[in-house]
Each structure stands twice: as structure tokens, then as C-alpha cells.
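# Chain and residue survey
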Amino acid sequence: MSQPSAAPDTFALKTSQLSSQQDNIPPRDKKVSKMLQKIKATLPLAIVVGILAYAWTHFALSFSFHWVTAGDLGNGLELPANFQLIVPAGFIGWGFFFAAGADNRAVVKVGTAILSGGLAALATMALSSKTADFPDFWGIAVWVGVMSVPLIILGVFDEWTYVPASFGAFAAVFYYWIATGLDFWTPGGGGSENTVNSLSDPATAGTGAFGGVISTPFGWVWAGVTASLFCGVVLGVLSVKLASFFARQRQAGVDDMAEAEVDTRQGTRVKGR
């Protein structure tokens, strides 16, 4: 009668030795190993986010300064049209998608928050000049305070909205309103017309940044920022889906290699009997 193979006992012995070696690893090295494992697990998402961040930045800037424009500025750039894509707003929407959970529910919650926060900012821009004209800021401050109240109250519907994103959307619209000239509150702040010729005269250029280049009517400020915030949510969804896909492909490759190694070991054992 043939004797049973000693390979399983040898394998068990090696496994026991490896476990013993791991137990003897200093705590500091264990922390480093765990950190490296976390980095390795996060790497697919990090790479996907980096690629999408590049794509969004290039696309949005080209959209506003090369593709959808209103005239040649003579320096290689074009005068942006009233509707613009705002790069930072996209990253804000993207970040809030992750903060809200980076899942389907996050899309709903952040999407609702973008609408509520953006509409509150739109109302603030429209009503500020009706309360106190340029150069008195108290009218703007009053409506910022008033619009903050419903944004907080909406937080009771926490399954459908996300208050931090509501404030983020409000802040994004409000900030870009300042950068583009505080139109409707400042007389002619958004520029009387969006043409290259209008930039030569301060009376028609508006008070937006870069000598009026981005002077924008307040309604278009809201539209551009809101669209960019939603683009950020889409980027968030894409980053999660793509990272998950690549992680599955990588794991499938690892499993195939492990299976092939097991088959090789079993074949070796059979030959040795």
C-alpha cells in the first residue's frame, strides 16, 4: 500500500511558519503594511479621478475660452459667451457627491441640494438690488441671511437633500456673481453687451474680472454655475463606476493567476506520487 503524500503536511507547516512570522512583525511595520494596502486599494480610484480631473479642466476652459465664445480677444483667447462652464464649480459638485456617500442616493441628495442652493442664490441676486442699491451691501447681507433659513429647514428631508451641498451651491453661485461684476446690483455690472468692442469702454464692459472679460448677467451666472455643479456630480458617478470596473478587472486577473498557481501545484503533486 502506498504511503500518503507529505505535501499537505508540508504546506500546513509553511502556512504555520508564515503566520508565526507575521505575528513577530513589529506594530509599526504592521501599520505601514496596512497603510500600503489601503493605498493599493485606493489607487484605481485615484488614477481615474486624476484622469477625469484633467479632462474636466481642459474641457471646461476650452468651452468657455475657445469653443462657445463671443469674439476674439487678440491674445489667443476668445471672449466667453454668457453661458460658461466654471471649473471650480465642477469640483465642488464632485466633492459633495463623495461627501454624501458616492452612491445613487448621493446623486439624488446632492442634485436636490444644488437646485435648492442655486435657486436661493438666484433669488438673493434678484432681490438684493430691490432692497438696497449700490454701494450699500446691507441689502445683499439681508437676503443671504433670509435664504439661509429655508436651506437649513430643508435639512429635515435628509433622505432627499444634503444641507452642506445646499450651502456649497449657494456659495458657488454667489462667489461667481461677485467675480462677474455683481450684475443687477451694480449698475451695468454684467456689461451692456457681450462683445469685444464693449470692453474698450468701462461703461459697457461691466465690472467683472479681467477688465470685464467675464462680466455676466446674473441669470447666466446661475445657469453656468448650476450646470457646472451638475457636471461635477456626473464626474463623481463616472469616477466611482470606472474605478470599480478597473478594480474588478484587476481582481479577476489576480484570481486567474492564483487559480493557475493552484493548478500547477496540484499537477506537481500528482507527478510526485
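Right, let's talk about the packing of aromatic side chains for a bit. Evaluation of the coordinates by the stated rule reveals 13 aromatic pairs. Here the aromatic rings of Phe-59 and Phe-63 are separated by 6.2 Å at their centres, their planes lie at 40°, and the arrangement is tilted. Of the two residues, Phe-59 and Phe-63 are both situated in helix α2 (residues 27-67); the distance of four residues between them amounts to about one turn of the helix. Using a relative accessible area of 38% as the deciding quantity, one classes Phe-59 as partly exposed. Aromatic pair Phe-83 and Trp-220: ring centres 6.3 Å apart, planes at 70°, arrangement edge-to-face. On the criterion of sequence distance, the pair formed by Phe-83 in the loop between β2 (78-80) and α3 (87-99) and Trp-220 in helix α9 (residues 218-272) is long-range, its members being 137 residues apart. Judged by relative accessible area, Phe-83 falls into the partly exposed class, the value being 27%. Three or more aromatic residues joined by ring pairs form one cluster here, namely Phe-59, Phe-63, Trp-67, Phe-83 and Trp-220. Lying across the ring of Trp-160, Arg-105 places its NZ or CZ 5.0 Å from the centre.

Formed by 34 residues in total, the largest nonpolar core has its most connected members in Phe-170, Tyr-176, Trp-177, Val-225 and Leu-229. Those elements that place two or more of their residues in this core are α3, α4 (104-131), α5 (138-153), α6 (163-179) and α9. Ranked by the residues each element gives to this core, the list is headed by α6, at nine residues. What Leu-229 contacts, discounting residues up to four positions off in sequence, is Ala-89, Ile-92, Gly-93, Ile-114, Ala-169 and Ala-172.

Moving on, we get to the side chain of Thr-216. Among the structural elements, Thr-216 can be located in the loop between α8 (209-212) and α9. Classification of Thr-216 by relative accessible area gives buried; the value is 1%. A distance of 2.7 Å separates a polar atom in the side chain of Thr-216 from the backbone oxygen of Ile-214. Apart from residues lying up to four places away in sequence, Thr-216 is in contact with Asn-82, Gln-84, Thr-180, Asp-183, Gly-190 and Val-221.

Along the chain, the position of Ala-46 falls in helix α2. Overall, Ala-46 belongs to the partly exposed group, its relative accessible area being 42%. For Ala-46 and Ala-243, which are 197 residues apart along the polypeptide, the C-alpha to C-alpha distance reads 8.3 Å.

On average, residues of the chain carry a pLDDT of 87, and 82% of them reach 70 or more. Across residues 1-8, confidence stays below pLDDT 50; counting only partners more than four residues off in sequence or on other chains, it has two contacts.

With an omega dihedral of 10°, the bond running from Phe-134 to Pro-135 counts as a cis peptide bond. With respect to the helices and strands, the residue Pro-135 is situated in the loop between α4 and α5. Positive phi, normally seen in glycine, also occurs at Ala-102, with a value near 55°. Its location among the elements puts Ala-102 in the loop between α3 and α4.

Our next topic: the packing of α2 against α3. Close contact between α2 and α3 brings their axes to 9 Å; oriented N to C, the two are set at 150°. As summarised for this structure, α2 and α3 are arranged roughly antiparallel, according to the angle between their axes. Here α2 and α3 pass one another in a crossing that is right-handed. Contacts from Leu-45, Val-49, Leu-52, Ala-53, Trp-56, Thr-57, Ala-60 and Leu-61 of α2 reach α3 at Val-87, Gly-90, Phe-91, Trp-94 and Phe-98. For the contact of α2 with α3, a count of residues per class yields 11 nonpolar, two polar and no charged.

A few words on a nonpolar patch on the surface. Taken together, the side chains of Val-108, Leu-154, Val-156, Phe-157 and Trp-160 present a nonpolar region at the surface, about 490 Å² in accessible area. Along the chain, the position of Leu-154 falls in the loop between α5 and α6.

Its place among the elements puts Ser-128 in helix α4. There is a polar contact of 2.5 Å between the side chain of Ser-128 and the backbone oxygen of Thr-124. For Ser-128, the residues in contact, after removing those within four places along its chain, are Gly-139, Ile-140, Trp-143, Trp-177 and Trp-185.

Conventions used here
- Residue positions are given per chain, counting from 1 as you read along its sequence in written order.
- Local features in a predicted model are, by the rule used here, given only for residues with pLDDT of at least 70; side-chain atom pairs are given and counted only at 80 or more, and totals for whole chains, interfaces and linings are based on all residues.
- Heavy atoms throughout the structure, all of them, feed into the side-chain values; hydrogens and water do not.
- Here is the rule: rings of Phe, Tyr and Trp (six-membered ring for Trp) pair when centre to centre is within 6.5 Å. Planes less than 30 degrees apart are stacked, more than 60 are edge-to-face, and the remainder are tilted.
- Secondary structure elements are defined from DSSP: runs of H or I of at least 4 residues count as helices, runs of E of at least 2 residues count as strands, and each element is numbered from the N terminus.
- We call a residue buried when its accessible area falls under 20% of the maximum for its residue type, exposed when it is over 50%, and partly exposed in between, using a 1.4 Å probe and counting protein chains only.
- Comment: the charge-over-ring label is applied if NZ (Lys) or CZ (Arg) is within 6 Å of the ring centre and within 35 degrees of the ring normal.
- We define a nonpolar core as any set of buried Ala, Val, Leu, Ile, Met, Phe, Trp, Tyr and Cys residues linked to one another through side-chain atoms lying within 4.5 Å.
- For this analysis, residues touch if any pair of their heavy atoms sits within 4.5 Å.
- Pairing of N or O atoms within 3.5 Å defines a polar contact, subject to two protein rules: one partner must be a possible hydrogen donor and the other a possible acceptor, and residues neighboring in sequence count only if both atoms are side-chain atoms.
- Confidence scores here are pLDDT values: one per residue, from the predictor, ranging 0 to 100.
- Axes here refer to lines fitted to C-alpha atoms; in helices the fit is confined to the stretch in contact. Angles between the N-to-C directions go from 0 to 180 degrees.
- Roughly parallel refers to an angle under 35 degrees, roughly antiparallel to one over 145, roughly perpendicular to one between 65 and 115, and oblique to any angle outside these ranges.
- Note on convention: the crossing is left-handed when the near helix lies turned anticlockwise from the far helix by less than a right angle, right-handed when the turn is clockwise.
- When residue character is reported, Ala, Val, Leu, Ile, Met, Phe, Trp, Tyr, Cys and Pro are called nonpolar, Asp, Glu, Lys and Arg charged, and the others, Gly included, polar.
- The residues that make up patches have over 30% relative accessible area and no salt bridge, and they are joined within 9 Å when like-charged or within 5 Å when they are Val, Leu, Ile, Met, Phe, Trp or Tyr.
- Throughout, the Shrake-Rupley method with a 1.4 Å probe supplies accessible areas, and for residues the shown protein chains are the sole cover considered.
- Any carboxyl oxygen of Asp or Glu that lies within 4 Å of a side-chain nitrogen of Lys or Arg is treated as forming a salt bridge with it.

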